[in-house]
Amino acid sequence: MNFDAIFSDFPVLQSDHLVLSKIEDIHLEEVFAIYNNDAVFTYCGIIPKHNKQTVQKMISHFERDFNKKKRIKWGIFQDNRLVGIIEVMSFNKDVNMASIGYFLAEEFWNKGISTEAVQRIVRFLFEEVNINRIQAEVMPANKMSKKVLLKNGFIKEGVLRQASVWAGKGVIDLEIYSILKNDYML
């Protein structure tokens, strides 16, 4: 795993319609609009944030986590507007893997944005970071997220029954999806 490809300088990634780049204080209003919408987090282990100061602190935590090499959160930008967030976390150097998560502002759902953002992250992780396995945990009812993963070559591995506690959700089942570098290279 080439950790420097992720954590030396913040990587800016581009695709056909999107730019994945650092979320900064100037994006506070857009980040708050996302976190302030309960619908965005229906299927996430994230509790919505209805206080702008809390969201302001979160943006500094994004930087802190990056500097600690724990996780990286990209803003998903379309036409210079922040439309969502995608992250890579839970790095496991022993098995050369990481997990991804993503969410969009509600007005940008069903437009192919998540699919394109995940595609770009997968390419980055396999081709530049040299990860072997990428996985995502999805609540069984989250049909849209499962479609995004399947379109990007992920395979459903199974269900972890009552195996996790997600903030605001309690003990939940999770479906595990993954893609291996060998799958991607085919």
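Preceding this paragraph is the structure being described.
Being a predicted model, the structure only gives us computed values, none of them experimental. (Residues numbered from 1 in each chain as written. Predicted model: local features only at pLDDT ≥ 70, side-chain atom pairs only at ≥ 80, totals over all residues. Heavy atoms only, no water.)

J.: Help me understand the sheet that holds strand S5 (residues 97-104) in this model?
T.: Sheet strands line up and pair through hydrogen bonds in the backbone, either parallel or antiparallel. As summarised here, the arrangement of the eight strands in space is S1-S2-S3-S4-S5-S6-S8-S7, forming an open sheet in which the pairing is mixed. The open sheet is flanked by strand S1 (13-14) and strand S7 (155-166), the only strands paired with a single partner. Here six bridges tie strand S6 (residues 133-138) to strand S8 (residues 170-180), and the two strands are oriented antiparallel to one another. In the sheet register, Glu137 faces S8, and the bridge partner there is Ile176. Lying on the sheet, helix H4 (residues 113-127) is in contact with S1, strand S2 (19-22), strand S3 (72-78), strand S4 (81-92), S5, S6 and S8; it crosses S5 at an angle near 160°. (Pairing = 2+ DSSP bridges. Helix = DSSP H or I, 4+ residues; strand = E, 2+ residues; numbered from the N terminus. Contact = heavy atoms within 4.5 Å. Axes fitted to C-alpha atoms, helices over the stretch in contact; angles between N-to-C directions.)

J.: Can you walk me through the nonpolar core in this structure?
T.: Nonpolar side chains in soluble globular proteins generally cluster together in the buried interior. Membership of the largest hydrophobic core comes to 56 residues, with the highest contact counts inside it found for Tyr35, Ile100 and Leu125. In terms of residue count, the dominant contributor to this core is H4 (eight residues). If we ignore the near neighbours within four places in the chain, the residues touching Leu125 are Ile6, Val88, Ile100, Asn130, Ile131 and Ile134. (Core = buried A, V, L, I, M, F, W, Y, C linked by side-chain atoms within 4.5 Å. Buried < 20%, exposed > 50% of the residue type's maximum accessible area, 1.4 Å probe, protein only.)

J.: Looking at this structure, how should I read unusual backbone geometry?
T.: Phi angles above zero are rare outside glycine, and Asn130 is one such case at about 65°. Among the secondary structure elements, Asn130 is positioned in the loop between H4 and S6. Judged by relative accessible area, which is 39%, Asn130 ranks as partly exposed. The backbone of Gln162 shows a phi angle near 40°, a positive value even though the residue is not glycine. Within the element layout of this structure, Gln162 appears in strand S7. Note on Gln162: relative accessible area 64%, which makes it exposed.

J.: Honestly, the packing of helix H2 (residues 28-35) against helix H3 (residues 52-67) in this entry has me stumped. Any pointers?
T.: The geometry of a pair of packed helices is captured by two quantities: the angle between their axes and the separation between those axes. One can describe the packing of H2 onto H3 by two numbers: an axis separation of 10 Å at closest approach and a directional angle of 110°. Viewed along their axes, H2 and H3 adopt a mutual orientation that is roughly perpendicular. Counted together, Leu28, Glu29, Val31, Phe32 and Tyr35 of H2 and Lys52, Val55, Gln56, Met58, Ile59 and Phe62 of H3 form the full contact between these two elements. (Parallel < 35°, antiparallel > 145°, perpendicular 65-115°, else oblique.)

J.: I'm lost on H4 in this one. Help?
T.: Here H4 contains 15 residues, and its C-alpha end-to-end distance of 21 Å stays within 8% of the 21 Å for a straight helix at 1.5 Å per residue. Of all 15 residues making up H4, twelve are buried, and the element is well covered by its neighbours. Buried within H4 are the following residues: Ile113, Ser114, Thr115, Glu116, Ala117, Val118, Arg120, Ile121, Val122, Phe124, Leu125 and Phe126. (Expected span 1.5 Å × (residues − 1).)

J.: Would you mind showing me how to read the packing of aromatic side chains here?
T.: Between two aromatic rings, the relevant description is the distance of the centres plus the angle of the planes. Under the definition given, this model contains eleven aromatic pairs. Plain terms: the ring middles of Phe10 and Trp74 are 6.2 Å apart, the flat faces sit at 70° to each other, and that makes the pair edge-to-face. A residue pair is termed long-range when its members are at least 10 positions apart, and Phe10 in the loop between helix H1 (3-7) and S1 and Trp74 in strand S3 qualify at 64 residues. The exposure class of Trp74 is buried, given its relative accessible area of 0%. Ring geometry for Tyr35 versus Phe103: centroids 5.6 Å apart, planes at 80°, classification edge-to-face. Of this pair, Tyr35 sits in helix H2 while Phe103 sits in strand S5; the two residues are 68 residues apart in sequence, bridging distant segments of the chain. Residue Tyr35 shares its accessibility class with Phe103, and that shared class is buried. Chaining the aromatic ring pairs together yields one cluster made of Phe3, Phe7, Phe10, Phe66, Trp74, Phe91 and Phe124. (Phe/Tyr/Trp six-rings, centres within 6.5 Å; stacked < 30°, edge-to-face > 60°.)

J.: I would appreciate a short explanation of the pattern of salt bridges in the present structure.
T.: Oppositely charged side chains can form a pair if their charged atoms are brought close together. Taken as a whole and assessed by the stated rule, the structure comprises ten salt bridges. Among the ionic pairs, Glu107 bridges to Arg81, the shortest N-O distance being 3.1 Å. One end of the pair, Glu107, is in the loop between S5 and H4; the other, Arg81, is in strand S4, with 26 residues separating them in the sequence. A salt bridge links Arg133 to Glu157, with the shortest nitrogen-to-oxygen separation between them at 2.8 Å. On the criterion of sequence distance, the pair formed by Arg133 in strand S6 and Glu157 in strand S7 is long-range, its members being 24 residues apart. Among the residues examined, Arg133 registers a relative accessible area of 17% and is labelled buried. Residues joined by salt bridges that share partners form a network here, namely Arg71, Lys73 and Glu87. (Salt bridge = Lys/Arg side-chain N within 4 Å of Asp/Glu carboxyl O.)

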